[in-house]
Amino acid sequence: MSNNSLPLENKVAIVTGGSRGIGAGIAETLASRGAKVAITFASESSKDATEQLVKKIKDFGTSADAITIQADLRDIASAKHIVDTTVKAFGPTIHILVNNAGVAYKGISIGDTSIEDYNSVFDVNVRAVFFMGEAVAPHLPNKGGRIINIGSIFGRDCFAQFPLYCASKAAIEGFTRCWAAELGPKGHTVNQVNPGAVETDMLRGGDSSVANVFKDMTPMENRFGQPQDIADVVAFLSDENARWITGQTISASGGLKMY
Ligand SMILES: NC(=O)c1ccc[n+]([C@@H]2O[C@H](COP(=O)([O-])OP(=O)(O)OC[C@H]3O[C@@H](n4cnc5c(N)ncnc54)[C@H](OP(=O)(O)O)[C@@H]3O)[C@@H](O)[C@H]2O)c1
């Protein structure tokens, strides 16, 4: 690496759910460090914002590059489609996978949950994370690959009427640790970042009085997190300097939860 090169120059990354919120922050931050990023989204309404993010990245004028991939992660075929499209654009090696896309919902009382409710959470927050890992694994480099799963502090906490969300984020910690154990001997790291309350559409879609309680309970400046607060942690874990950290779940929550 020359003195002027960026830390993620020549690295290819996939960021799921990179159209807005935390994922958009992660995609832009990885690109600002030189990565070529495949940014996935699902909704037609997010198309313009995702394309604008790609344009912004291309305008960096560095080794960074980006493409958009529209794919609903509820569709079991989406993981292969995302990987095939990334390989076509940037070549056969995928260095970094950030499993960020996720869904929340209004609380559902016990006894009222339908199988559709269950699937709508688990298909995106759990099944898609697993099959993205499966699809990317054969494309990791000889060593130095990175998988980063975005969980939530609620994966290790309780929240009445949100068992599906909490359990989905706990479930992927299992993937994080087992993948770390399997991929470690090959020189790859796998970690999880658990945000606290971050000011995005997901937070705004919930009960603001509850969100404000979390804000007040956050030791660091009693504020909401911003996407950049999470993106900087993900960028660090993506870097060569994080080579000795694997199988970990990091609470990036301003101390709202301390592990
Ligand atoms: N915000 C918080 O306070 C908070 C706290 C803890 C953990 N998290 C986690 O952080 C991650 C990002 O959250 P966020 O707050 O940035 O959420 P957000 O603003 O609601 O954005 C969600 C992202 O996921 C994508 N997505 C949703 N459903 C999808 C599907 N079926 N297929 C493909 N992509 C889909 C969305 O794409 P479209 O734009 O196309 O819809 C969007 O890019 C999630 O895993 C979330 O659980 C968030």
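Quick summary incoming for the structure in this document. Since this is a predicted model, take the numbers as computed values, not measurements. (Residues numbered from 1 in each chain as written. Predicted model: local features only at pLDDT ≥ 70, side-chain atom pairs only at ≥ 80, totals over all residues. Heavy atoms only, no water.)

### Observations regarding the site of the ligand
Here is step 1: Around the ligand, 32 residues are found, and the nearest of them are Ser19, Arg20, Ser43, Ser46 and Thr200.
Here is step 2: In the model, an oxygen atom of the ligand is placed 2.6 Å from a nitrogen or oxygen of the Ser19 side chain.
Here is step 3: Contact between the ligand and Ala42: an oxygen atom at 2.7 Å from a main-chain N or O atom of the residue.
Here is step 4: Calculation on the ligand without its partners gives an accessible area of 890 Å², and the protein chains cover 94% of this total. (Near = heavy atom within 4 Å. Polar contact = N/O pair within 3.5 Å; in protein donor to acceptor, adjacent residues only side chain to side chain. Areas by Shrake-Rupley, 256 points an atom, 1.4 Å probe, with all protein chains shown as cover.)

### With respect to the pairing of strand E5 (residues 146-150)
A regular strand carries its side chains on alternate faces of the sheet.
Here is step 1: The element E5 is largely enclosed, with a buried count of 5 among its 5 residues.
Here is step 2: Here 4 bridges tie strand E4 (residues 96-99) to E5, and the two strands are oriented parallel to one another. In the sheet register, Asn99 faces E5, and the bridge partner there is Asn149.
Here is step 3: Crossover connection from E4 via helix H4 (residues 115-136) to parallel E5: handedness right-handed.
Here is step 4: With 5 bridges joining them, E5 and strand E6 (residues 189-195) adopt parallel strand pairing. Residue pairing in the sheet places Ile150 in a bridge with Val193 of E6.
Here is step 5: This β-α-β element, E5 to helix H5 (residues 163-183) to E6, shows right-handed connectivity. (Buried < 20%, exposed > 50% of the residue type's maximum accessible area, 1.4 Å probe, protein only. Helix = DSSP H or I, 4+ residues; strand = E, 2+ residues; numbered from the N terminus. Pairing = 2+ DSSP bridges. Right-handed = clockwise from strand over helix to strand, strands pointing away.)

### Points about the packing of aromatic side chains
Here is step 1: For the structure on display, the rule yields 10 aromatic pairs.
Here is step 2: In textbook terms, an aromatic cluster arises when at least three aromatic residues are bridged by ring pairs, as seen for Tyr105, Phe154, Phe159, Phe162 and Phe214. (Phe/Tyr/Trp six-rings, centres within 6.5 Å; stacked < 30°, edge-to-face > 60°.)

### Some words on the side chain of Ser253
Here is step 1: Tracing the sequence through the fold places Ser253 in the segment after strand E7 (249-252).
Here is step 2: Under the relative-accessibility criterion, Ser253 is labelled buried at 8%.
Here is step 3: Of the polar contacts made by the side chain of Ser253, one reaches the backbone nitrogen of Lys257; its length is 3.2 Å.
Here is step 4: Excluding residues that lie within four positions of it along the chain, Ser253 makes contacts with Ile153, Asn194, Pro195, Gly196 and Thr218. (Contact = heavy atoms within 4.5 Å.)

### Details of the nonpolar core
Here is step 1: Of all hydrophobic cores here, the largest spans 44 residues; its most connected members are Ile14, Ile82, Tyr105, Met132, Val136 and Trp179.
Here is step 2: Mapped onto this core, the elements with two or more residues apiece are strand E1 (12-15), strand E3 (65-70), helix H3 (78-90), H4, H5 and helix H7 (208-217).
Here is step 3: If we ignore the near neighbours within four places in the chain, the residues touching Trp179 are Asn99, Val129, Phe130, Gly133, Ile147, Asn149, Gly184 and Val190. (Core = buried A, V, L, I, M, F, W, Y, C linked by side-chain atoms within 4.5 Å.)

### Side note on the pairing of E4
Here is step 1: Of the two faces of E4, the one carrying Ile96 and Val98 and the one carrying Leu97 and Asn99 are both buried.
Here is step 2: In terms of strand pairing, E1 meets E4 through 3 bridges, oriented parallel. The residue of E4 that forms the bridge with Val15 is Val98.

### A few points about the sheet that holds E5
Here is step 1: The strand order E3-E2-E1-E4-E5-E6-E7 describes an open sheet built from 7 strands, whose pairing is parallel. Either end of the sheet is taken by a strand with one partner, and the two such strands are E3 and E7. Strand-to-strand twist across the sheet, computed as the mean angle between neighbouring axes with direction ignored, equals 20 degrees.
Here is step 2: Lying over the sheet, helix H1 (residues 21-32) contacts E1, strand E2 (36-41), E4, E5 and E6, oriented at roughly 170 degrees with respect to E1.
Here is step 3: In the packing of H4 onto the sheet, contacts are made with E1, E4 and E5, and the angle to E4 comes to roughly 170 degrees. (Axes fitted to C-alpha atoms, helices over the stretch in contact; angles between N-to-C directions.)

### Notes on the pattern of salt bridges
Here is step 1: Evaluation of the coordinates by the stated rule reveals 15 salt bridges.
Here is step 2: Each of Arg20, Asp201 and Arg204 takes part in a single network of salt bridges with overlapping partners. (Salt bridge = Lys/Arg side-chain N within 4 Å of Asp/Glu carboxyl O.)

### What to know about the packing of H4 against H5
Here is step 1: Contact geometry of H4 with H5 gives a least axis separation of 10 Å together with a crossing angle of 15 degrees. Taken together, the axes of H4 and H5 lie roughly parallel to each other. In terms of crossing hand, the pair formed by H4 and H5 is right-handed. Between H4 and H5, the contacting residues are Asp117, Tyr118, Val121, Phe122, Asn125, Val126, Val129, Phe130 and Gly133 on the first element and Leu164, Tyr165, Ala167, Ser168, Lys169, Ala171, Ile172, Phe175 and Trp179 on the second.
Here is step 2: Tallied by class, residues from the contact of H4 with H5 come to 13 nonpolar, 3 polar and 2 charged. (Parallel < 35°, antiparallel > 145°, perpendicular 65-115°, else oblique. Left-handed = near helix turned anticlockwise from the far one by under 90°. Nonpolar A, V, L, I, M, F, W, Y, C, P; charged D, E, K, R; others polar.)

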